[in-house]
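Coordinate analysis (summary)
Here's the letter readout for the chains.
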Amino acid sequence: MIKRFSFRKKLFVYFFSVFLVFTLIILVFQFSREKKYRVDQLDNTLENITQITHHFIAHNAILENNKLNLLDSLTKIFPQPDVRLTLINSHGTVLFDNFVDNYSLMENHLYRPEIQESLYNDYGTIIRRSVTTGQEYYYYSRYFGEYFIRVAVVYNIEVKNFLRAEHIFLLFIAVIFLLTWIVLDFITRKFAESITKLKDFVIKVRKDEDFEADQKFPKDELGVIGHEIIQLYDNLRKAKDSLALEKGKLFNHLYVLNEGVAFFSKNKTKILTNNHFIQYLNIISNKLSISAEDFFTIPEFDPINEFIDQTITKAKLDLFETLPSKEISIHKSAKYFKIQCIIFNDNSFEIIITNITKMEKNRIIKQQMTSNISHELKTPITSIKGYLETIINDPEMEPAQQRRFIERADAQTNRLTDLINDIVILNKIEETGDFFAFTNLNINEIIDEILDDYQSMITEKSMKIELLLHEDIIVSGNRSLILSVFRNLLENSINYAGQKCKITIQIYRQDNNFYYFSLSDNGVGIPDEHLARIFERFYRIDSDRSRKLGGTGLGLAIVKNAVMLHKGEISVKNKNGGGIEFLFSLPKANT
């Protein structure tokens, strides 16, 4: 496994490599310069000798008088010992050489390298072994028009050391190198300290670990940048946590709203929705299982969908521009809904579905409450009074007829008693609802108790009961009210659905807080014009039939108020295949 260098080591290697290359360049340059200086110094010395010799020859007319032996005396006054002096004419013939006795026998020197070089340059130099003497020399030659003067020194240790660059420079470079090493180590250590801390910070952030917001950085530009980065991230994290908290509050708020609320992206993808939104979609679409995105496929919402398509295709809204919105109303399944759509600056949008049925019903209830109560009370009282007056006014009435009138008056008294009891229950729910005791109730046990009471009627009408419930359905509620809810709904289906019908009870949905029940039958159903009013007090679809069956007209009103007391909701709709379906929710028991 290849070991990875730390950032500080990498940085040190980079800087050190640059310095090393620079140092080597300086070293090579200095060595070359030093050697050239030494060579130039030697060449200058030899140049002086050639000039002295040239002036000596000219002054003494040595070539004209053939006094070449005078050159021996000249070599004795040269400043350097062991200097070889050679005089060569322009044809390459050696005229004099103080190191060779029989120089007249020496071969032609015209093509010696130093001679050839001096023909085309100011002078010529070379280090080579002499063919004549067999020694190695440093040659220096200059051409003076009629002859060449060549001066040479033996290339021995002394000359070699003279031409060699001094090594003290290497020591100087080594000291500088060491100092630079120390400085680079210090600089990279300080520089890498900030980078290392930033790296550790990034790793902790990636692993979602805690980090120290007030870290100490070196007091340099990089340290300031590192400190600011951590501070900025810490501020962003705090802002994010604060936003997450506010978002949580918003979510909780949405789930307790009675309105159905949903947020969508500009691509009509769900961002957030609450339970009421889905429930209202179920009611409007007549479907039990539906998602928030199905909003755009339901025909009743086409005006909203068209408004969204037209608006989001326009240019992006200005930040301070009034947000476009649209509102429509829908009447479906005996309910009234207000649909609102608001499109935001980034073309995302919010849809709000508000159930306004309650406001409409409250208006109707206020108008009819007084007349309904007086009418419902007047009917049994009038009947009782009529029977009693007939008995009183006809003392000679036959006992059988008299008994029949008394039994009818008693039946009307019982009906009046049931009516008053139902009114009392409704008033208790509305006025003292907070005083009802809540316990954990098993829904299966409640339904079994009710079915036992109505078993004879179910058998008589050849009806079938279908329970699609699992065994551990526990709700939190008041036993008498929960019993009234299921009793009234089951009694309603048993009395009015018809012969050989099937009654189905099931849970079609649940969340963390509620069970959502469906109680339906496949009977005759209820005409759509009556659906919006069946939960009203004293409202009857068939008054004569209801009274014959002993109904008070308050059963479904009790059901609705009992469900609402338990923070649930209830609705009713006709099934597509025939029959009626009640949808209501009850709270789950606390675990």
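What you see is a predicted model, and the numbers here were worked out from it, not measured in a lab.

Rules and cut-offs
Residues numbered from 1 in each chain as written. Predicted model: local features only at pLDDT ≥ 70, side-chain atom pairs only at ≥ 80, totals over all residues. Heavy atoms only, no water. Helix = DSSP H or I, 4+ residues; strand = E, 2+ residues; numbered from the N terminus. Buried < 20%, exposed > 50% of the residue type's maximum accessible area, 1.4 Å probe, protein only. Contact = heavy atoms within 4.5 Å. Areas by Shrake-Rupley, 256 points an atom, 1.4 Å probe, with all protein chains shown as cover. Phe/Tyr/Trp six-rings, centres within 6.5 Å; stacked < 30°, edge-to-face > 60°. Lys NZ or Arg CZ within 6 Å of the ring centre and 35° of its normal. Pairing = 2+ DSSP bridges. Axes fitted to C-alpha atoms, helices over the stretch in contact; angles between N-to-C directions. pLDDT = per-residue confidence, 0-100. Parallel < 35°, antiparallel > 145°, perpendicular 65-115°, else oblique. Left-handed = near helix turned anticlockwise from the far one by under 90°. Nonpolar A, V, L, I, M, F, W, Y, C, P; charged D, E, K, R; others polar. Core = buried A, V, L, I, M, F, W, Y, C linked by side-chain atoms within 4.5 Å.

The next point concerns the overall build of the protein. From N to C terminus, the protein includes 17 helices and 17 strands. Within the span of the protein, comprising 591 residues, buried residues form 42% of the whole. Partitioning the intrachain contacts of the protein with sequence separation of at least 6 by distance along the chain shows that 59% fall at a separation of at least 24. If you sum the accessible surface of the protein, you get close to 34400 Å²; carbon and sulfur atoms cover 55% of it.

Below, the discussion takes up the packing of aromatic side chains. Scanning the entire structure with this criterion turns up 22 aromatic pairs. On the basis of an interplanar angle of 75 degrees and a centroid distance of 5.1 Å, the ring pair of F264 and F296 is categorised as edge-to-face. You can see F264 sitting in strand β6 (residues 260–264) and its partner F296 sitting in the loop between α8 (275–285) and α9 (302–312), a full 32 residues away along the chain. When the ring centre of Y515 is taken as reference, the NZ or CZ atom of K588 above it lies at 5.1 Å.

Bringing unusual backbone geometry into the picture now. Phi is positive for N66, close to 55 degrees, though the residue is something other than glycine. Assessed through its relative accessible area of 60%, N66 is described here as exposed. Residue K500 is not a glycine yet carries a positive backbone phi of 55 degrees. Positionally, K500 belongs in the loop between α14 (479–496) and β14 (502–510). Overall, K500 belongs to the exposed group, its relative accessible area being 67%.

Taken in spatial order, the five strands line up as β12-β14-β15-β17-β16 in an open sheet, and their pairing is mixed. At either end of the open sheet lies a strand with only one pairing partner, and these are β12 (464–468) and β16 (570–574). When the angles between neighbouring strand axes are averaged without regard to direction, this sheet yields 20 degrees. Both β14 and strand β15 (residues 514–521) contribute to a ladder of seven bridges, which runs antiparallel. Counterpart to R509 in the pairing with β15 is Y516.

For the protein, the average pLDDT comes to 80, and 83% of its residues sit at 70 or higher. Under a pLDDT of 50 for its full length, residues 543–550 has, in the predicted model, eleven contacts with residues more than four places off or in other chains.

The N-to-C vectors of helix α12 (residues 443–453) and α14 enclose an angle of 50 degrees; their axes lie 10 Å apart at closest approach. Between α12 and α14, the interaxial angle falls into the category oblique. Here α12 runs over α14; the crossing is right-handed. Contacts between α12 and α14 pair I443, I446, I447, E449, I450, L451 and D453 from the former with R479, I482, L483, F486, R487 and L490 from the latter. Of the residues assigned to the contact of α12 with α14, the class counts are nine nonpolar, no polar and four charged.

Let us now look at the nonpolar core. In terms of nonpolar packing, the biggest core is built from 47 residues, with I443, F486, F517, F582 and F584 touching the most fellow members. Looking at this core, the elements with two or more residues in it are α12, α14, β14, β15, α17 (555–565), β16 and β17 (580–587). For this core, the element with the most residues is α14, which contributes eight residues. Excluding its chain neighbours within four sequence positions, the residues that come into contact with F582 are L489, N492, F517, S518, L519, I534, F535, L556, I570, S571 and V572. If you look at the next biggest cluster of nonpolar residues, it comprises 27 residues, including F277, I283, I298 and F301.

The subject of this paragraph is the pairing of strand β3 (residues 124–129). As a general feature of sheets, a regular strand has side chains that alternate between the two faces. Sheet topology note: the β3/strand β4 (residues 136–143) ladder contains six bridges and is antiparallel. Residue pairing for β4: T125 is matched across the bridge by Y140. Where β3 folds back on β4, the antiparallel hairpin that results is connected by six residues, among which G134 adopts a positive phi of roughly 80 degrees.

Spatial strand order, β7-β6-β10-β9-β8: five strands in an open sheet with antiparallel pairing. With partners counted over all chains shown, the strands left at the sheet margins are β7 (270–273) and β8 (325–332), one partner each. Sheet twist, expressed as the average angle between the axes of neighbouring strands with direction ignored, equals 15 degrees. Seen against the sheet, α8 touches β6, β7, β8, β9 (335–343) and β10 (349–355) and runs at an angle of roughly 105 degrees to β6. α9 contacts β8, β9 and β10 of the sheet and is inclined by roughly 5 degrees relative to β9.

Attention now goes to the pairing of strand β1 (residues 83–89). For β1, a buried count of seven out of seven residues is recorded, marking the element as mostly surrounded by other parts of the structure. Of the two faces of β1, the one lined by V83, L85, L87 and N89 and the one lined by R84, T86 and I88 are each fully buried. Note: β1 against strand β5 (residues 147–154), seven bridges, orientation antiparallel. Looking across to β5, one finds that V83 is bridged to V153. Here β1 pairs with strand β2 (residues 94–97) via three bridges, running antiparallel. Across the sheet, L87 pairs through a bridge with F96, a residue of β2. Counted along the chain from β1 to the antiparallel partner β2, the turn is four residues long, and its residue G92 has a positive phi close to 95 degrees.

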